[in-house]
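Fold and contact review
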Amino acid sequence: MHKYEKIWISLGTASLAVFLIILGISAVHGGHTPAASGIETINPEHVREDARFSEPGLKEATDGDHDYDLYFLASAFMYEPGEVEIPAGSTVKIHVTSPDVVHGFQVVGTNVNMIAEPGLISTYEMTFDEPGEHLIVCNEYCGVGHTDMTSTLKVVNGGIANE
Amino acid sequence: MSEEKDKIKKEEKHNEDNHHKLDLRGTFMMVMAIGGLMLLSWFGAFILFMERM
């Protein structure tokens, strides 16, 4: 084998190994919740009878080390709540589920990017430090109204002013 | 029979020598350049992810 060939083949193999290790680690850490990780389930036909999702929105946390729980219902073709305000600097645990089909839940400009699946409650914990406005979009094609499926997340200074 | 074998062996040796004499500097540079580009874009995405934490 040529000397140069040996170099690039070893570098290529080494980088493949490194990337596979990174992929393996990130598959089970860093907020990922694969189906086998004990993700919380919910009956999709009775989502609205659930106390948390009957009036989705921002609620003060009762347990855990986050400040607020933010419940979001993603359905065809809207989000509930349609707009939410979060006090700047607070740590929020976002819970999303769907009563119908698979939807996406992406808070633009942040790392919050989840799939809302009927029957499962996707969660992600995030600290919002910078005041500002984030668009929430559906990034899983869900039907004719997919493009109009949005919500707004406002990070504001001061108190909580929801609903 | 053995003559033929010798001939084949000689040819293989000849091919091997030719392979080592190949000028692969340009190929090597391009392989490294593409590798560098991949590494750079990976770190670009990673930095973006870390900034948004």
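Here the structure is a predicted model, which is why all the values come from computation and not from measurement. (Residues numbered from 1 in each chain as written. Chains lettered and ligands numbered in written order. Predicted model: local features only at pLDDT ≥ 70, side-chain atom pairs only at ≥ 80, totals over all residues. Heavy atoms only, no water.)

1. Let's talk about the overall build of chain B
When helices and strands are counted, chain B shows two helices and zero strands. For chain B, the C-alpha radius of gyration of 23 Å lies well beyond 10 Å, the compact-globule estimate for 53 residues. Each principal axis of the C-alpha distribution contributes one length, and for chain B these read about 70 × 20 × 5 Å. Residue burial in chain B is summarised as follows: out of 53 residues, 4% are buried. Accessible surface computed for chain B: about 5100 Å², of which carbon and sulfur atoms make up 65%. Separation of charge centres in chain B, based on 8 positive and 9 negative side chains, amounts to 2 Å. (Helix = DSSP H or I, 4+ residues; strand = E, 2+ residues; numbered from the N terminus. Rg over C-alpha atoms; globule rule 2.2 N^0.38 Å. Buried < 20%, exposed > 50% of the residue type's maximum accessible area, 1.4 Å probe, protein only. Areas by Shrake-Rupley, 256 points an atom, 1.4 Å probe, with all protein chains shown as cover. Lys, Arg positive; Asp, Glu negative; His and termini not counted. Charge placed at Lys NZ, Arg CZ, Asp CG, Glu CD.)

2. Topic: the interface of chain A and chain B
Contacts between the two partners involve 13 residues from chain A and, on the opposite side, 14 residues from chain B. Summing the contributions of chain A and of chain B, the shared interface buries around 1300 Å²; its carbon and sulfur component is 70%. Contact with chain B buries area across many residues of chain A, yet His2, Trp8 and Asn111 of chain A alone supply 41% of it, more than any other trio. In this assembly, chain A and chain B are joined by zero salt bridges. Counting every contact that joins chain A to chain B gives two residue pairs in polar contact (both at pLDDT 80 or more). Here the element with the most residues in the side of chain A that touches chain B is helix 1 (residues 3-28) of chain A; it accounts for seven residues. The class makeup of the residues in the side of chain A that touches chain B is eight nonpolar, four polar and one charged. (Contact = heavy atoms within 4.5 Å. Buried area = accessible area lost by both parts, 1.4 Å probe. Salt bridge = Lys/Arg side-chain N within 4 Å of Asp/Glu carboxyl O. Polar contact = N/O pair within 3.5 Å; in protein donor to acceptor, adjacent residues only side chain to side chain. Nonpolar A, V, L, I, M, F, W, Y, C, P; charged D, E, K, R; others polar.)

3. Remarks on the sheet that holds strand 7 (residues 113-116) of chain A
Residues and elements named next belong to chain A. Spatial strand order, 4-10-9-6-7: five strands in an open sheet with mixed pairing. A single partner strand is all that each edge strand has here, and the edge strands are strand 4 (83-87) and strand 7. Strand-to-strand twist in this sheet, taken as the mean axis angle between neighbours without regard to direction, amounts to 20 degrees. Note that strand 4 and strand 10 (residues 150-156) share five bridges and pair parallel. Bridge pairing in strand 10 links Pro87 to Val156. (Pairing = 2+ DSSP bridges. Axes fitted to C-alpha atoms, helices over the stretch in contact; angles between N-to-C directions.)

4. Digging into the packing of aromatic side chains
Residue and element names in this part refer to chain A. Under the definition given, this model contains nine aromatic pairs over all chains. Judged by centre distance (6.2 Å) and plane angle (85 degrees), the ring pair of Phe72 and Tyr79 falls under edge-to-face. When its relative accessible area of 0% is taken as the criterion, Phe72 is described as buried. A residue is classified by how much of its surface remains accessible, and Tyr79, at 3% relative accessible area, is buried. With a centroid separation of 5.8 Å and an interplanar angle of 80 degrees, the aromatic rings of Tyr79 and Phe105 are classed as edge-to-face. (Phe/Tyr/Trp six-rings, centres within 6.5 Å; stacked < 30°, edge-to-face > 60°.)

5. Section: the domain arrangement of chain A
Domain annotation for chain A reports domain 1 (1-32) and domain 2 (47-156). Its C-alpha centre places domain 1 of chain A at a distance of 35 Å from the equivalent point of domain 2 of chain A. (Domains from an automatic or database assignment.)

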